[in-house]
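Analysis of the macromolecular model
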Amino acid sequence: MERFGGSQGQGNKDKNLERKFWSRERYFQILALVLVLAFSALLLFYRDKIVGLGGYGYAGAFVISALTSASIVIPVPGWVFIAALGAILDPLWVGIAAGLGGTLGEMTGYVLGYGGRLAVERNRLYLRMMGWMRKWGGLTIFVLALVPNPVFDLAGAVAGLLRYPVWKFVLFGAAGRIPKHIFFAYSGSWGINYLLFL
């Protein structure tokens, strides 16, 4: 008598595990991961053209923020562009446009988590973020969107993985990002005014 139910039972179990691994969801996860990586590479490759979008005013602030926030693998310092636009245009409206664009751009992290959980599982920070999202959900998203940090992409991925409602992710993300981007825009405005009066 063999342990664990015999070899035939083990063979069926292996086939079932293999079948579960290559499910429709797994294909979606791989596709999402590939698309996010490709988009991040395109942002890096065309970064000079992205800077040129600032000439389009508030719409440029929206697009720049959306594109720089969409980059997951390669951090792009979008706040620099927002501060520069805040020195030229009305900083309040630059901050609002950039906050909304940044919220839209962060959907790449959400989609990555929804479909590409292979990329981040079993990491200590990931496990901590899972606990925060399960316990506080929207508050976690709000605080991480409000405070400048590189961890928000992970929060978005965890929110997607947990199937956190998209509308709540967008709402709490915008509630945190808009004040942050208004601050960046006013920093640019105040900075240029300070330099002009020296």
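Residues numbered from 1 in each chain as written. Predicted model: local features only at pLDDT ≥ 70, side-chain atom pairs only at ≥ 80, totals over all residues. Heavy atoms only, no water.

Helix and strand counts for the protein chain stand at 11 helices and zero strands. When its helices and strands are written in sequence order, the protein chain yields α-α-α-α-α-α-α-α-α-α-α. Within the protein chain, buried positions represent 39% of all 198 residues. The long-range fraction of contacts in the protein chain, counting pairs at least 24 apart against all pairs at least 6 apart in sequence, stands at 82%. Total accessible area on the protein chain is roughly 12,000 Å²; 68% of this is exposed by carbon and sulfur atoms. (Helix = DSSP H or I, 4+ residues; strand = E, 2+ residues; numbered from the N terminus. Buried < 20%, exposed > 50% of the residue type's maximum accessible area, 1.4 Å probe, protein only. Contact = heavy atoms within 4.5 Å. Areas by Shrake-Rupley, 256 points an atom, 1.4 Å probe, with all protein chains shown as cover.)

On the surface, Trp 132, Trp 136, Leu 139, Val 143, Leu 146 and Val 147 cluster together into a nonpolar patch covering about 510 Å² of accessible area. Going through the elements one at a time, helix H8 (124-136) and helix H9 (138-146) are the ones with two or more residues in the nonpolar patch. Here the nonpolar patch takes three residues from H9, the largest share from any one element. If you trace the backbone, Val 147 turns up in the loop between H9 and helix H10 (152-161). (Patch = residues over 30% accessible without salt bridge, like charges linked within 9 Å, V, L, I, M, F, W, Y side chains within 5 Å. Salt bridge = Lys/Arg side-chain N within 4 Å of Asp/Glu carboxyl O.)

Given two aromatic rings, their pairing is described by the distance between the two centres and the angle made by the two planes. Summed over the entire model, instances satisfying the criterion amount to four aromatic pairs. Aromatic side chains Tyr 110 and Phe 169 sit 5.2 Å apart centroid to centroid with 40° between the ring planes, which places their arrangement in the tilted category. Separated by 59 residues along the polypeptide, Tyr 110 in helix H7 (residues 107-115) and Phe 169 in helix H11 (residues 166-196) bring together distant segments of the chain. Assigned by exposure class, Tyr 110 and Phe 169 land together as buried. Ring geometry for Phe 183 and Phe 184: centres 6.3 Å apart, planes at 55°, overall tilted. (Phe/Tyr/Trp six-rings, centres within 6.5 Å; stacked < 30°, edge-to-face > 60°.)

The end-to-end C-alpha distance of helix H6 (residues 91-105), which contains 15 residues, comes to 20 Å, matching closely the 21 Å that a straight helix rising 1.5 Å per residue would cover. Restricting attention to buried positions, one finds in H6 the residues Pro 91, Val 94, Gly 95, Ala 97, Ala 98, Gly 99, Gly 101, Gly 102, Thr 103 and Gly 105. The N-capping residue of H6, defined by a side-chain oxygen 3.1 Å from the backbone nitrogen of Leu 92, is Asp 90. (Expected span 1.5 Å × (residues − 1). Polar contact = N/O pair within 3.5 Å; in protein donor to acceptor, adjacent residues only side chain to side chain.)

Bringing unusual backbone geometry into the picture now. The backbone of Arg 163 sits at a positive phi, close to 60°, despite the residue not being glycine. The topology assignment puts Arg 163 in the loop between H10 and H11.

Our next topic: the nonpolar core. Ranked by internal contacts, the top residues of the largest apolar core, which has 17 residues, are Met 129, Met 133, Ile 141, Val 158, Ala 159 and Phe 169. Among the elements that line this core, the one with the most residues is H10, at six residues. Among the nonpolar cores identified, the runner-up in size contains nine residues, and Leu 85, Ala 97, Ala 98 and Phe 184 belong to it. (Core = buried A, V, L, I, M, F, W, Y, C linked by side-chain atoms within 4.5 Å.)

In this section: the packing of helix H4 (residues 57-70) against H6. In contact at an axis separation of 7 Å, H4 and H6 are set at 35° when each is read in the N-to-C sense. The way H4 lies across H6 gives a crossing that is right-handed. Facing H4, whose interface residues are Tyr 58, Ala 61, Phe 62, Ser 65, Ala 66, Ser 69 and Ala 70, H6 presents Trp 93, Val 94, Ala 97, Ala 98, Leu 100, Gly 101, Gly 102, Leu 104 and Gly 105. In terms of residue class, the contact of H4 with H6 is built from 11 nonpolar, five polar and no charged. (Axes fitted to C-alpha atoms, helices over the stretch in contact; angles between N-to-C directions. Left-handed = near helix turned anticlockwise from the far one by under 90°. Nonpolar A, V, L, I, M, F, W, Y, C, P; charged D, E, K, R; others polar.)

This part covers the side chain of Ser 69. Structurally, Ser 69 is set in helix H4. Polar side-chain contacts of Ser 69 include one of 2.9 Å to the backbone oxygen of Ser 65. Apart from residues no more than four positions distant in its own chain, Ser 69 is found in contact with Gly 102, Gly 105, Glu 106, Thr 108, Asp 153 and Arg 177.

A few words on the pattern of salt bridges. Per the stated rule, a full pass over the model turns up one salt bridge. Of the charged contacts in the structure, one is a salt bridge between Arg 177 and Glu 106, with a shortest N-O distance of 2.5 Å. With a gap of 71 residues between them, Arg 177 in helix H11 and Glu 106 in the loop between H6 and H7 connect regions that are remote in the sequence. Across this residue pair, the class does not change: Arg 177 and Glu 106 are buried.

A separate point is the environment of Gly 156. Within the secondary structure, Gly 156 sits in helix H10. By relative accessible area, Gly 156 is classed as buried at 1%. Each C-alpha atom of the pair Gly 156 and Ala 145 lies 9.9 Å from the other, and the pair is 11 residues apart in sequence. In this structure, Gly 156 is in contact with Gly 109, Tyr 110 and Phe 169, ignoring residues within four places of it in sequence.

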